[in-house]
Amino acid sequence: MRISPISSSALGVAVSHVDLKLASSQDVAVMWGAMQARGGLLVVKGQTLTPRECQQAAAKFAPFLGEPLKYDRWPGQSPGIDDAECVALLGNYRARKQDDLGVVGCKPGDRIAEYKPAITEIEEWHTDGSFLASPKKAILLYAPKGDYPLPSTGGRTGFASCTRAYRRLAESEQKQYACMSSVHSWEVFMRLLERRDPSREKVTAADVAKKPDQTWPIVRVHPPTGEPSLYVNPKNTRCVLSGERREDDGSKLIDNLGKLIVEEAYYHKWEAGDFVLWDNRCLLHAATPFDATKHERLLFRLEFPGEPVQGFEVTDATAPTIPTLFDYYHSYRAKGAVVAHVIDTAHPGDTAALERWLDTKQDVKVLSVVGKTEGNGCVNDFTRGYASHCIHETLKKRRLDDGVAVVMSGGTEGVLTPHFLVLGRNSGEEDVEERTEGPHRLVVGSATSRTLLPEEIGADAQVEATKEAVLQACADAKLSPSDAAFVQVKCPLLTTERVNEANERRNATCATKDTLESMALSRHASALGVALATGESGEYSSVASASAGVELMNVEVVVLGNRAGAPGNLMCVNSVMKDALDTSSVVRSLNSAGLRVENGTLHDDARKHIVAVLSKADPSSTVRGKRTTMYTDSDIASTRHARAAVGGALGALFGDTRLYVSGGAEAQGPPGGGPVCVIYEAQQSTMSIPMQQWFNEEKPE
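About the criteria used
Numbers given to residues run from 1 along each chain, matching the order in which its sequence is written. Whole-chain, interface and lining totals are the exception, using all residues; otherwise, since this is a predicted model, local features are given only for residues with pLDDT of at least 70 and side-chain atom pairs are given and counted only at 80 or more. Just so you know, side-chain values use all the structure's heavy atoms and leave hydrogens and water out. Aromatic pairs are defined between Phe, Tyr and Trp rings, using the six-membered ring for Trp, whenever the two ring centres lie within 6.5 Å; interplanar angles under 30 degrees are classed as stacked, those over 60 as edge-to-face, and all others as tilted. Here a helix means four or more residues in a row that DSSP labels H or I, a strand means two or more in a row labelled E, and each is numbered from the N terminus. Only protein chains enter the accessibility calculation, which uses a 1.4 Å probe; a residue whose area is less than 20% of its type maximum is buried, one above 50% is exposed, and one in between is partly exposed. Charge-over-ring placement is defined geometrically: NZ (Lys) or CZ (Arg) within 6 Å of the ring centre, and within 35 degrees of the ring normal. As used in this structure description, the phrase polar contact means that two N or O atoms lie within 3.5 Å; if the pair is within protein, one of them must be able to donate a hydrogen and the other to accept it, and residues adjacent in sequence are counted only when both atoms belong to side chains. Here, residues are in contact when the closest pair of their heavy atoms is within 4.5 Å. Helix span, expected: 1.5 Å multiplied by one less than the number of residues in the helix. DSSP bridges decide pairing: two strands pair if at least two such bridges lie between them. Angles shown run from 0 to 180 degrees and are taken between the N-to-C directions of axes, each axis being a line fitted to C-alpha atoms and, for helices, limited to the stretch in contact. Note that the term roughly parallel is reserved for angles under 35 degrees, roughly antiparallel for angles over 145, roughly perpendicular for angles of 65 to 115, and oblique for everything else. Crossings are assigned a handedness: left-handed for a near helix turned anticlockwise from the far helix by less than a right angle, right-handed for a clockwise turn. Only Asp, Glu, Lys and Arg are considered charged, only Ala, Val, Leu, Ile, Met, Phe, Trp, Tyr, Cys and Pro nonpolar, and every remaining residue, Gly among them, polar. The arc refers to the directions leading from the helix axis to the C-beta atoms. To qualify as a nonpolar core, a set must consist of buried Ala, Val, Leu, Ile, Met, Phe, Trp, Tyr and Cys residues joined through side-chain atoms within 4.5 Å.

Some remarks on the packing of aromatic side chains
The geometry of two aromatic rings is summed up by the distance between their centres and the angle between their planes.
Piece 1. By the definition in use, this model includes seven aromatic pairs.
Piece 2. Residues Tyr-93 and Tyr-148 carry aromatic rings whose centres are separated by 5.9 Å and whose planes lie at 65° to one another, so their mutual orientation is edge-to-face. Linking Tyr-93 in the loop between strand S4 (88-91) and strand S5 (138-142) with Tyr-148 in the loop between S5 and strand S6 (157-161), this pair joins segments that are 55 residues apart in sequence.
Piece 3. Centre to centre, the rings of Phe-131 and Phe-189 are 5.6 Å apart; their planes meet at 25°, and the pair counts as stacked. Remark: Phe-189 occurs in helix H6 (residues 186-196) and Phe-131 occurs in the loop between S4 and S5; sequence separation between them is 58 residues.
Piece 4. In this structure Phe-131 comes out as buried when scored by relative accessible area, which is 4%.
Piece 5. Across from the ring centre of Trp-186, 5.1 Å away, lies the NZ or CZ of Lys-211, which sits over that ring.
Piece 6. In this arrangement the basic side chain of Arg-220 is found over the ring face of Tyr-231, its NZ or CZ atom lying 5.0 Å from the centre.

Now the structure itself:
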């Protein structure tokens, strides 16, 4: 199978060297992922399909779209096909023989396809079924091989991206249109078709009554990605509303937005065997005219179930997240594939973007949320607990809170950006046989220890509790402990109240009365527990990352590693910085993963594959022989200095400030240094064929 960009407009992909009758579920998943990553259009070339085989090929996309819908004929549309109940016929094709194409009862010369004369005006552009209560998710057209005609000139199908058009709007326009809606009318649409073709079967008042008008927002959410997208339909709009007020120039506004959308259009020239699927939620399409007195045109048409249109709210605090390629591939793959997504936050309790993402990823089981908050990262940093509480409440509302490890690290000094990293597994229906061979892919596991007593914090009991939790998390990920690449731990600390409670109730002595020192002791104990679980020997763990906080009294563990045969398209790579400036160690690990670094910065082509960066930062009184004031500054805690330094170094390397940098790395890497883990999109798919073998290096069409 080979996948090529379909046009410079980034609207979709063309696929060749594949037979849809034989395509596996993983083949289809990769096609779907590539289609979404490139904008929503898929053209599979060279298919030989009967109407029934076309319907069966369409059904292979059911895990993402639902089963193709049974054809529901409207006045003026084509008759049905007996053995392909989902297939309709488009064009001005006339039957060549009795019962041609399975249309029972047709005779030679009968027009058996629906013919809609096209024009070149903006009103030709449309999205199918926007006048329905649940507009269709996707549409499929197929040009059959054999003695079936296609025009030599004209008769193309144009496609244009509503999502890209939204991005070209000024911010003020985005906010303006997000408050507006338009009324979509089946009657308006049918009357337009009747005017163009006076011989067309007329709709009745009873027909119209069955399909009432629908009002939809002009800016919608594209469910697979969470992106904002324009939602307009020049072909069937009755009016435009601002709140409940009808706009006087509504038709002009819709036409202008339509013209903006089609500024960057791709026109597909049909060839026999083309199987064309598009996301009807984010693309407009239009047929171009052809001379129907000289040429015939025949296409099979199928449609997929619909869903109500959800509006997109534009706020000053939260900018829309533009997904990257990895986000689509790992969201629609085999059951068990790891899902990873980074979300910016406007404040510690900001879960708005998280909620929107969860609403579009209902097939994802959340395992952990790891994040950075803008507190001081010390004992009295309550932003961690506040953020954790808000995340748990968000998950509870969706019944997703069971067993989720929430690890918040305080302190976003310097250039660091507050954010959440959501880690989960695809729990969709598309399952695969578990494999132990094949490409290594990212797996994630999580576990929680028992509740610790204050006197156990920083002591052997915490070491043992951490060790057991790490082993449980590795088992959850089906990962050998020795293959763990990064172990993120959230551990407790001591407060004055906790120290007093241990002494007064149990006559027990805690490891320290110094609450700030207790953070270091707790991190150290958990790092030792990680080393014991993973079988590491030496003075430090090269995979442990421990963060202490006041918001818990147990140990929460998240394990990351690569396992042979695991599903998905993500991987992680580990390195250990020797000091706060040692980006060269990280560069070597990136190079080993095929992620190119030039002049000390990750190349743009490699940067788009980066999902997340997690790191430790350790204070040091000297860096490369030169004195620092990390430990002697009375105003700023040493861990805050360390986070700022490492955040700046890694930010320059990755060209991104959404970095998880946790301060204080006792026994986590060498003194002054610390482990770094990079989650990235691999260059291969879930199959054993490298992705670069699928992508055609030739010039796009």
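Some thoughts on the side chain of Arg-563
Piece 1. By the element assignment, Arg-563 lies in strand S24 (residues 556-564).
Piece 2. Polar contacts involving the side chain of Arg-563 include one to the main-chain carbonyl oxygen of Ala-477, which spans 2.8 Å.
Piece 3. Among all residues touching Arg-563, those that are not within four sequence positions of it are Pro-439, His-440, Arg-441, Val-443, Ala-477, Lys-478 and Leu-479.

Thoughts on helix H1 (residues 25-37)
Piece 1. Here H1 is 13 residues long and its end C-alpha atoms lie 18 Å apart, about the 18 Å a rise of 1.5 Å per residue gives.
Piece 2. Burial analysis of H1 places 11 of its 13 residues in the buried class, which makes it a mostly covered element.
Piece 3. The set of residues buried in H1 consists of Gln-26, Asp-27, Val-28, Ala-29, Val-30, Met-31, Trp-32, Gly-33, Ala-34, Met-35 and Gln-36.
Piece 4. Immediately beyond the C-terminal end of H1, within one or two residues, lies Gly-39, with a positive phi of roughly 120°.

Observations regarding the environment of Arg-191
Piece 1. Take Arg-191: it is sitting in helix H6.
Piece 2. Judged by relative accessible area, which is 27%, Arg-191 ranks as partly exposed.
Piece 3. Spatially, the C-alpha atoms of Arg-191 and Glu-393 are 50 Å apart, while their sequence positions differ by 202 residues.

A few points about the pairing of S4
Look at any regular strand and the pattern is simple: side chains alternate between the two faces of the sheet.
Piece 1. Every second residue of S4 is oriented toward a common face, with Ala-88 and Leu-90 on one face and Leu-89 and Gly-91 on the other, all of them buried.
Piece 2. As paired elements, S4 and strand S16 (residues 298-303) share four bridges and run antiparallel to each other. Residue Leu-90 lies in a different strand from S16, and its bridge partner there is Leu-299.

Section: the sheet that holds strand S15 (residues 283-287)
Piece 1. Strand order in this open sheet of three strands is S13-S6-S15, and the pairing throughout is antiparallel. Each of the sheet's edge strands pairs with one partner strand only, and the pair in question is strand S13 (265-268) and S15. Going from strand to strand, the sheet's axes swing by 20° on average, the running direction of each strand aside.

Concerning the packing of helix H10 (residues 352-360) against helix H11 (residues 383-397)
Piece 1. Direction vectors running N to C along H10 and H11 enclose 30°, while the axes themselves pass 11 Å from each other. Comparing their axes, H11 and H10 come out roughly parallel. Crossing angle aside, the handedness with which H10 passes H11 is right-handed. Residue-level contacts link Leu-354, Glu-355 and Leu-358 of H10 to Ile-391, Thr-394, Leu-395 and Lys-397 of H11.
Piece 2. Here the contact of H10 with H11 is composed, by residue class, of four nonpolar, one polar and two charged.

Here's the deal with helix H13 (residues 496-506)
Piece 1. Looking only at H13, the buried set comprises Arg-498, Val-499 and Ala-502. Viewed end-on, H13 has its buried residues packed into an arc of 105°, placing them on one side of the element. In H13, those exposed residues whose orientation departs by more than 90 degrees from the buried face are Glu-497, Glu-504 and Arg-505.
Piece 2. After H13 finishes, the residue Asn-507 shows a positive phi value of roughly 55°.

Overview of the nonpolar core
For soluble globular proteins, the rule of thumb is that nonpolar side chains tend to be buried together.
Piece 1. Within the largest apolar cluster, 44 residues are counted, with the highest numbers of intra-cluster contacts made by Val-15, Leu-42, Phe-61, Leu-89, Phe-275 and Leu-277.
Piece 2. Listed by contribution, the elements that provide at least two residues to this core are strand S2 (12-16), H1, strand S3 (41-44), helix H2 (51-59), helix H3 (62-65), S5, strand S14 (275-279) and S16.
Piece 3. The dominant element in this core, judged by the number of residues it contributes, is H1, at seven residues.
Piece 4. Among residues more than four places away in sequence, those in contact with Leu-89 are Ser-78, Ile-81, Leu-101, Val-103, Ile-112, Ala-113, Glu-114, Leu-298, Leu-299 and Phe-300.
Piece 5. If you look at the next biggest cluster of nonpolar residues, it comprises 30 residues, including Leu-452, Cys-491, Ala-527 and Ala-546.

Points about the sheet that holds strand S11 (residues 237-242)
Piece 1. Strand order across the open sheet formed by four strands is S8-S7-S11-S12, with antiparallel pairing between neighbours. Looking at which strands have only one partner, the edges of the open sheet turn out to be strand S8 (214-217) and strand S12 (245-246).
Piece 2. Both S11 and S12 contribute to a ladder of two bridges, which runs antiparallel. The residue of S12 that forms the bridge with Leu-241 is Arg-246.

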